[in-house]
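Examination of the molecular architecture
The primary structure of each chain is shown beneath.
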Amino acid sequence: MTEQSLAKKGSNLANTQTIDNIVDNQLYTDVCVLIETTRQKIATTVNAETCIVNWQIGKRIKEEVLDNQRAEYSKQIVKQLAKKLTDRYGKGWGDRKLLHCIRSAYTFSEEEIVYAVRIQLTWTHLRSIMFIDDELKRSFYVEMCRLEHWDTRTLDEKIDSQLYELTAISKKPEEIIKRELEQIKATSTLTPDVVFRSGYFLDMLGLSDVYSEKDLEDSILIQIQSFIKELGTDFAFLDRQKRITIDSTDYYIDLLFYHRGLRRLVAIDLKLGKFKPEHEGQMLLYLRYLNKNERKAGEESPIGLILCSEGNTEHIEYLMLDDSAIKVAQYYTQLPDKKLLSEKLQRAIAIAREHYSEQNHNL
């Protein structure tokens, strides 16, 4: 091979490498960004139009059904319409789909459906929420989807685990719940009443029937990602067995977290058995130390969560209702029967609301 041929080959190789470098670096990145951005815009637009048209279809059928009060006649209208739409547009327009459209029109006002679209809830989100009968509960889940960016699977899990009933906000009178939810909507800021609950499900830890507090703590650390998911998305793990020294005496905080939304340190104490008053005193000591020595500029005062393996409902609900920096909850290492849990939560809500009314009456 001649010297000229070698030079030409080397030049071609250099050009190829230069082109590859350009394509592999900024040009490739820029084109990918354009494609992904456009895809997202298209998906958002399609989702918005899907939610609105489904609601409008439901509203139109609802008007027709309301004009004909006979239930059987109304069913026939929906069935016949579904058949014609399926013939023209395919199986996505069966009577089940139309019933969901109608349900959305009965459940959501036009203002609510526009808001849901604006915060990018999908039709699948709305389909889960529309079957919740309580308006305040629906508003709670809408705001939690918005603030914690829940996908539909997470939303269904939270509804199924009765998250709303477990929060402190559900225990308050309806007018106060409505006011607090409106405040959350306006400020996009969570409050302790929606962050902390009266119960947590720790079945993912795989604990045996007999375990110690150390076993519990070790299992939480192994399954820290699942544990944080159960606590809530804004929790960040900081430390375990955090040593604090007061008057030459060492104390240890089981788990220390930071909540980004609340901008607070969160101390968690793990207890076997029922809540005892002395647990509150111990936690108060921890919180005062953290407030003085660990709290940074711009943060709110620390908050404490005492997790007990057994529930004494009235103690827990009274402490959850107070504007105290200490919250108490029961944890479950095995999932309880759903019906029994529901009955327990409804009883707890009744106790808490009665307690709240008594407090206000005595003021």
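All values derive from a computational prediction rather than experimental measurement.

So, how was this worked out
- Residues numbered from 1 in each chain as written.
- Predicted model: local features only at pLDDT ≥ 70, side-chain atom pairs only at ≥ 80, totals over all residues.
- Heavy atoms only, no water.
- Buried < 20%, exposed > 50% of the residue type's maximum accessible area, 1.4 Å probe, protein only.
- Helix = DSSP H or I, 4+ residues; strand = E, 2+ residues; numbered from the N terminus.
- Pairing = 2+ DSSP bridges.
- Right-handed = clockwise from strand over helix to strand, strands pointing away.
- Patch = residues over 30% accessible without salt bridge, like charges linked within 9 Å, V, L, I, M, F, W, Y side chains within 5 Å.
- Areas by Shrake-Rupley, 256 points an atom, 1.4 Å probe, with all protein chains shown as cover.
- Salt bridge = Lys/Arg side-chain N within 4 Å of Asp/Glu carboxyl O.
- Core = buried A, V, L, I, M, F, W, Y, C linked by side-chain atoms within 4.5 Å.
- Contact = heavy atoms within 4.5 Å.
- Axes fitted to C-alpha atoms, helices over the stretch in contact; angles between N-to-C directions.
- Parallel < 35°, antiparallel > 145°, perpendicular 65-115°, else oblique.
- Left-handed = near helix turned anticlockwise from the far one by under 90°.
- Nonpolar A, V, L, I, M, F, W, Y, C, P; charged D, E, K, R; others polar.

Here the focus is the pairing of strand 5 (residues 303–308). With 6 of 6 residues buried, strand 5 lies mostly within the body of the structure. Relative to strand 5, strand 4 (residues 264–271) runs parallel, the two being bridged by 6 bridges. Bridging from a neighbouring strand, Lys271 pairs with Cys308 of strand 5. In this fold, strand 4 hands off to helix 13 (residues 277–293), which returns the chain to strand 5; that crossover is right-handed.

Glancing now at a nonpolar patch on the surface. There is a patch of nonpolar side chains on the surface, built from Leu27, Val31 and Ile35 and spanning about 240 Å² of accessible area. As for its placement among the helices and strands, Val31 is situated in helix 1 (residues 3–67). By relative accessible area, Val31 is classed as partly exposed at 38%.

With that settled, consider the pattern of salt bridges. Here the structure, examined in full by the defined rule, presents 19 salt bridges. Residue Lys83 is joined to Asp87 by a salt bridge in which the shortest nitrogen-to-oxygen separation is 3.6 Å. Taken together, the residues Lys83 and Asp87, both in helix 2 (residues 71–89) and 4 residues apart, mark about one turn of the helix. Taking the relative accessible area as the measure of exposure, Asp87 reaches 59% and is therefore exposed. The partner of Arg240 in a salt bridge is Glu217, with the nearest N and O atoms 3.0 Å apart. Placement of Arg240 in strand 2 (residues 235–246) and of Glu217 in helix 11 (residues 213–222) is noted, with a sequence separation of 23 residues between them. On the basis of relative accessible area, Arg240 is assigned to the partly exposed category, the value being 32%. Through salt bridges with shared partners, a single network forms among Lys214, Glu217, Asp218 and Arg240.

Counting 57 residues, the largest nonpolar core has Phe140, Phe196, Leu216, Phe227, Phe257, Ile268 and Leu307 as the members making the most contacts within it. If you tally residues by element for this core, the top one is helix 6 (residues 135–148), at 6 residues. Apart from residues lying up to four places away in sequence, Phe140 is in contact with Leu163, Tyr164, Thr167, Ile169, Leu181 and Val194. Grouped together as the second largest cluster of nonpolar side chains are 16 residues, Ile244, Phe275, Tyr286 and Leu290 included.

Pairing is mixed across the open sheet formed by 6 strands, whose spatial order is 1-6-5-4-3-2. Strands with a single pairing partner mark the edges of an open sheet, and in this sheet they are strand 1 (199–201) and strand 2. Each strand axis lies, on average, 35° off the axis of its neighbour in the sheet, ignoring direction. Packing of helix 12 (residues 224–231) onto the sheet brings it into contact with strand 1, strand 2, strand 3 (249–259), strand 4 and strand 5, and relative to strand 3 it is tilted by some 70°.

What follows is about the environment of Asp95. Relative to the elements of secondary structure, Asp95 occurs in helix 3 (residues 95–107). For Asp95, a relative accessible area of 34% corresponds to the partly exposed category. Spatially, the C-alpha atoms of Asp95 and Lys75 are 9.3 Å apart, while their sequence positions differ by 20 residues. For Asp95, the residues in contact, after removing those within four places along its chain, are Val78, Lys79 and Ala82.

Another point: the packing of helix 6 against helix 9 (residues 174–187). Any two packed helices are characterised by the angle at which their axes cross and by the distance between the axes. At a minimum axis distance of 10 Å, the contact between helix 6 and helix 9 shows a crossing angle of 20°. Accordingly, the angle class assigned to the pair helix 6 and helix 9 is roughly parallel. For the crossing formed where helix 6 meets helix 9, the hand is left-handed. The residues of helix 9 that touch helix 6, namely those facing Leu136, Ser139, Phe140, Glu143, Arg146 and Leu147, are Glu174, Ile177, Lys178, Leu181, Ile184 and Lys185. By residue class, the composition of the contact of helix 6 with helix 9 is 6 nonpolar, 1 polar and 5 charged.

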